[in-house]
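Tertiary structure, described
Chain by chain, the residues run as shown.
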Amino acid sequence: MQHEEIHITTEFIKLQDLLKFAGAVETGGQAKELIQAGMVTVNGEVCTMRGKKLRPGDSAQVEDRLVLTVR
């Protein structure tokens, strides 16, 4: 499983934007499908809200292949 730290300079980043920024998906449509299919967890819980705000210290996991930690 791949682990990446994503450094942001804002207060938060939306889940769909995090997935695009990290290169886990190419488009917002792909992010929407992945999130709504229940394939993304935020802080260990399935999240189906693509506008979920992640702040430094939060983490998102895409299936069993990628873990993104916001810093």
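In short, a report on the structure. Since the model is a prediction, treat every value here as computed from it, not as a measurement.

Now for the sheet that holds strand S1 (residues 2-6). Overall, mixed pairing links the five strands, which are arranged S1-S7-S6-S3-S4 in an open sheet. Where the open sheet ends on each side, the last strands, each with one partner, are S1 and strand S4 (45-46). By the bridge criterion, two bridges tie strand S3 (residues 40-42) to S4 in an arrangement that is antiparallel. Bridged to Val 42 within S4 is Glu 45.

With that settled, the discussion passes to the pattern of salt bridges. In total, this model carries four salt bridges according to the counting rule given. Its salt-bridge partner being Lys 20, residue Asp 17 comes within 3.8 Å of it at the nearest N-O pair. Pair noted here: Asp 17 and Lys 20 are both in helix H1 (residues 15-22), with a separation of three residues, about one helical turn. The partly exposed category is assigned to Asp 17, whose relative accessible area is 29%. The class for Lys 20 is partly exposed, based on a relative accessible area of 36%. We note a salt bridge from Arg 65 to Glu 63, for which the minimum N-O separation is 2.8 Å. Judged by its relative accessible area of 38%, Arg 65 is partly exposed.

Rules used in this analysis
- Residues numbered from 1 in each chain as written.
- Predicted model: local features only at pLDDT ≥ 70, side-chain atom pairs only at ≥ 80, totals over all residues.
- Heavy atoms only, no water.
- Pairing = 2+ DSSP bridges.
- Helix = DSSP H or I, 4+ residues; strand = E, 2+ residues; numbered from the N terminus.
- Salt bridge = Lys/Arg side-chain N within 4 Å of Asp/Glu carboxyl O.
- Buried < 20%, exposed > 50% of the residue type's maximum accessible area, 1.4 Å probe, protein only.

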